[in-house]
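The lines below spell out each chain.
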Amino acid sequence: MERTQLLNVLLELSASFGPPGQEEEVAAICRRHLEGRAVCRRDRLGSLVAEFAGDGPRVMLAAHLDEVGLMVKAVTAEGYLRFLPLGAWWEAVLPGTPVRLKGRTGEVRGVIGSRPPHFLRTEERRRPLAFEEMFIDVGAGSLAAAKAMGLEAGVMAVPDVSPEVLAGGVVRGKALDDRVGVAALLAVAKRLAAESHPNTILVVGTVQEEIGGRGGRTAAQMLHPDVCLVLEGTPADDLPGTASELVQGGLGRGPQIRIFDPSMIGNRRLIEMVREEAETRGIPYQLAVRETGGTDGGTIHLVDLGVPTLVLGIPVRYAHAPACLASLDDLEKTVELVSALIRRLDMVTVGRL
Ligand code: CO
């Protein structure tokens with residue numbers, strides 16, 4: 001995929017609506033890019049699978065379609081929407097965020113309300129609001145008006161941020177965790193369709209990752225992969241105030257190999273293979289040992305007798321915040337690395353993992 005095409009796919013994916021459990025819009029974009037190249041099907045939770053049939057081992061490539069979102073819990077008499085977080089949000093980033101909701105009768109725009117500083121006492125300014133104290137304002141004015149807009153318990157919301165290209169091939173947009181991974185997945189699939197490879201490739205867009213790796217688990221149970229690479233928009237840590245020796249996910253510094261997080265230990269032989277391939281090709285990479293967090297790898301690697309799995313990260317600054325940044329260079333390099341790895345994963349290599 002050309003750089004411009006890759007960029008356009010990423011922008012389209014970033015703009016699409018896909019909180020956990022409502023990923024259809026993102027899945028439809030993927031299907032449009034994959035159909036004609038591979039047979040597409042879904043598991044019963046909604047994860048999308050495109051199969052590139054071949055011999056040899058079954059290689060699963062997974063990226064999650066969903067993004068952190070919000071779910072309406074109740075509508076007040078005045079038409080404000082109370083909500084729950086879907087996925088790990090930090091409360092402090094939410095107040096003042098413009099949001100898009102999918103009401104029963106169509107799309108609605110609004111904003112997460114915040115009390116202006118004029119009305120805050122000193123002690124209130126010192127702590128972030130709790131989710132229970134926040135609300136979405138769609139300008140309804142009454143419960144009846146909100147209802148007429150199709151707003152009720154269960155309606156979901158995501159940030160209303162249109163993607164933009166900044167300087168130096170950096171993209172700003174919502175949901176770059178994990179739309180960068182999904183863009184990489186689609187680009188790899190496009191390459192595969194034009195090349196020969198020794199294996200069966202299962203390109204999987206998983207659902208409900210942000211609430212516990214649920215779609216990854218069911219997809220892997222359906223597919224019985226022999227090996228899996230998870231492509232994840234991983235939180236970047238090259239921020240002011242972080243000691244340079246602790247930076248494991250810098251923007252523009254190449255794909256990240258996740259060695260450890262509390263949900264999974266990356267397969268060691270797979271790690272060596274990825275490093276060799278990156279070094280041969282002159283692709284820079286970063287190693288991550290994470291004290292917190294988890295990915296689809298956490299559930300996928302425990303399916304069947306165990307699946308040798310590795311997470312490759314594309315660093316995303318401000319992951320799980322309304323506007324994130326990611327680098328097109330990192331995305332391109334990840335596509336190159338993953339495409340090269342797939343060609344190496346034949347019966348003999350996978351048998352040694
Ligand atoms: Co993610």
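All values reported here derive from a predicted model rather than from experimental measurement.

Before going further, it helps to spend a moment on the coordination of the cobalt ion. Bound to the cobalt ion on the protein side are His64 (NE2), Asp177 (OD), Glu232 (OE) and Glu232 (OE), at distances that span 1.9 to 2.5 Å. Considering all four donor atoms around the cobalt ion, the spread of angles at the metal, 51 to 137°, places the coordination shape in the irregular class. Of note, the cobalt ion draws all its donor residues from one chain, in the sequence arrangement H-x112-D-x54-E. Here histidine 64, found in strand S3 (residues 58-64), pairs with glutamate 232, found in strand S13 (residues 227-235); they are 168 residues apart in sequence, far enough to count as distant. Summarising the burial analysis for this pair, histidine 64 and glutamate 232 share the class buried.

Examined against the element boundaries, alanine 53 turns out to sit in the loop between strand S2 (48-52) and S3. Through-space distance from the C-alpha of alanine 53 to that of glycine 87 is 34 Å; in sequence the pair is 34 residues apart. Setting aside chain neighbours within four positions, we find alanine 53 in contact with Asn199 and Thr200.

What follows covers the packing of helix H1 (residues 3-15) against helix H2 (residues 24-34). Close contact between H1 and H2 brings their axes to 9 Å; oriented N to C, the two are set at 155°. As summarised for this structure, H1 and H2 are arranged roughly antiparallel, according to the angle between their axes. The handedness of the crossing between H1 and H2 is right-handed. Across the interface between the two elements, Val9, Glu12 and Leu13 of H1 pack against Val26, Ile29, Cys30, Arg32 and His33 of H2.

Another aspect to go through is the pattern of salt bridges. Evaluated as defined, the whole model comprises 24 salt bridges. Close ionic contact of glutamate 107 with arginine 100 constitutes a salt bridge, the shortest N to O distance being 3.0 Å. Take glutamate 107: its relative accessible area is 40%, and that puts it in the partly exposed class. In this structure arginine 100 comes out as buried when scored by relative accessible area, which is 9%. Where arginine 343 meets glutamate 195, a salt bridge forms, and the shortest distance between an N and an O atom there is 2.9 Å. Of the two residues, arginine 343 is situated in helix H9 (residues 328-344) and glutamate 195 in the loop between helix H5 (176-193) and strand S12 (200-206); the sequence distance between them amounts to 148 residues. Arginine 343 gets classed as partly exposed once you look at its relative accessible area, which sits at 31%. We classify glutamate 195 as partly exposed; its relative accessible area is 32%.

Let us look at the domain arrangement of the chain. Looking at the assigned domains, one finds that the chain contains domain 1 (3-67 + 174-351) and domain 2 (69-159). Each side of the interface is counted separately: domain 1 has 16 residues, and domain 2 has 14 residues. When domain 1 packs against domain 2, close to 1,200 Å² is buried across both sides, 65% of that on carbon and sulfur atoms. Per-residue buried area on domain 1 facing domain 2 is highest for Phe17, His320 and Pro322; these three make up 42% of the total on that side. Linking domain 1 with domain 2 are two salt bridges, by the criterion used here. A salt bridge links glutamate 25 to arginine 100, with the nearest nitrogen and oxygen atoms 3.9 Å apart. There are four residue pairs in polar contact (both at pLDDT 80 or more) connecting domain 1 and domain 2.

Cut-offs used in this document
Residues numbered from 1 in each chain as written. Predicted model: local features only at pLDDT ≥ 70, side-chain atom pairs only at ≥ 80, totals over all residues. Heavy atoms only, no water. Donors = N, O, S within 2.8 Å, 3.2 Å for Na, K, Ca; no water. Tetrahedral: all angles 85-135°; square planar, octahedral: opposite > 155°, others 65-115°. Helix = DSSP H or I, 4+ residues; strand = E, 2+ residues; numbered from the N terminus. Buried < 20%, exposed > 50% of the residue type's maximum accessible area, 1.4 Å probe, protein only. Contact = heavy atoms within 4.5 Å. Axes fitted to C-alpha atoms, helices over the stretch in contact; angles between N-to-C directions. Parallel < 35°, antiparallel > 145°, perpendicular 65-115°, else oblique. Left-handed = near helix turned anticlockwise from the far one by under 90°. Salt bridge = Lys/Arg side-chain N within 4 Å of Asp/Glu carboxyl O. Domains from an automatic or database assignment. Buried area = accessible area lost by both parts, 1.4 Å probe. Polar contact = N/O pair within 3.5 Å; in protein donor to acceptor, adjacent residues only side chain to side chain.

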